[in-house]
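Architecture and fold: a report
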Amino acid sequence: EKNQVRMVEERQEREKKRKELNEILEDIWSGLPTGSSGVAQRSDVEGVIPEVVSVFEVQGISYAAHDFEGIVEIMDKNGSGTISKAEFGRCILVMAEGVRPIS
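How each quantity is defined
Here the residue numbering is sequential within each chain, running from 1 through the sequence in written order. Confidence filtering applies because this is a predicted model: local features only for residues at pLDDT of at least 70, side-chain atom pairs given and counted only at 80 or more, and all residues used for totals across whole chains, interfaces and linings. Neither water nor hydrogens contribute to the side-chain values; these are computed over all heavy atoms in the structure. Only rings of Phe, Tyr and Trp enter the pairing, Trp through its six-membered ring, and a pair is recorded when the two centres are within 6.5 Å. The plane angle decides the type: under 30 degrees is stacked, over 60 is edge-to-face, the rest tilted. Under the DSSP-based scheme used, a helix requires at least four consecutive residues in state H or I and a strand at least two consecutive residues in state E, with every element numbered from the N terminus. Exposure classes here rest on a 1.4 Å probe applied to the protein chains alone. A residue is buried below 20% of its type maximum, exposed above 50%, and partly exposed in between.

1. Here we look at the packing of aromatic side chains
Tallying each qualifying case throughout the model produces four aromatic pairs. A centroid spacing of 5.5 Å and a plane angle of 40 degrees characterise the contact between tryptophan 29 and phenylalanine 88, whose relative ring orientation is tilted. Linking tryptophan 29 in helix 1 (residues 2-30) with phenylalanine 88 in helix 4 (residues 85-96), this pair joins segments that are 59 residues apart in sequence. The exposure class of tryptophan 29 is buried, given its relative accessible area of 8%. Summarising the aromatic geometry, the rings of tyrosine 63 and phenylalanine 68 are spaced 5.5 Å apart at their centres and angled 75 degrees between planes, so their arrangement reads as edge-to-face. By way of ring pairs, the aromatic residues Phe56, Tyr63 and Phe68 are connected into one cluster.

Take it as geometry only, folks, not as evidence of what the structure does.
Structure, rendered in structure tokens:
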């Protein structure tokens, strides 16, 4: 039973951290110029990646330096040159969970 309690507590802590990170990412996204289309240019998203790296460091999220190399290209799955809020958030959250996106 102690193991189950610990597992529940760990899951709740992960969910809390995920929610906190999602809120931070929302703030970062809100600073991007998206216009009426609601999407950001790849170059603008590339400009906030250092801020995302800083968030990982402050939040104690482990990552390898190369994890962020080419991340914007991975976010832009359809090659449109633009990135949606969902693409941005999903990719960063997956990285934070320890699953590395594959190009």
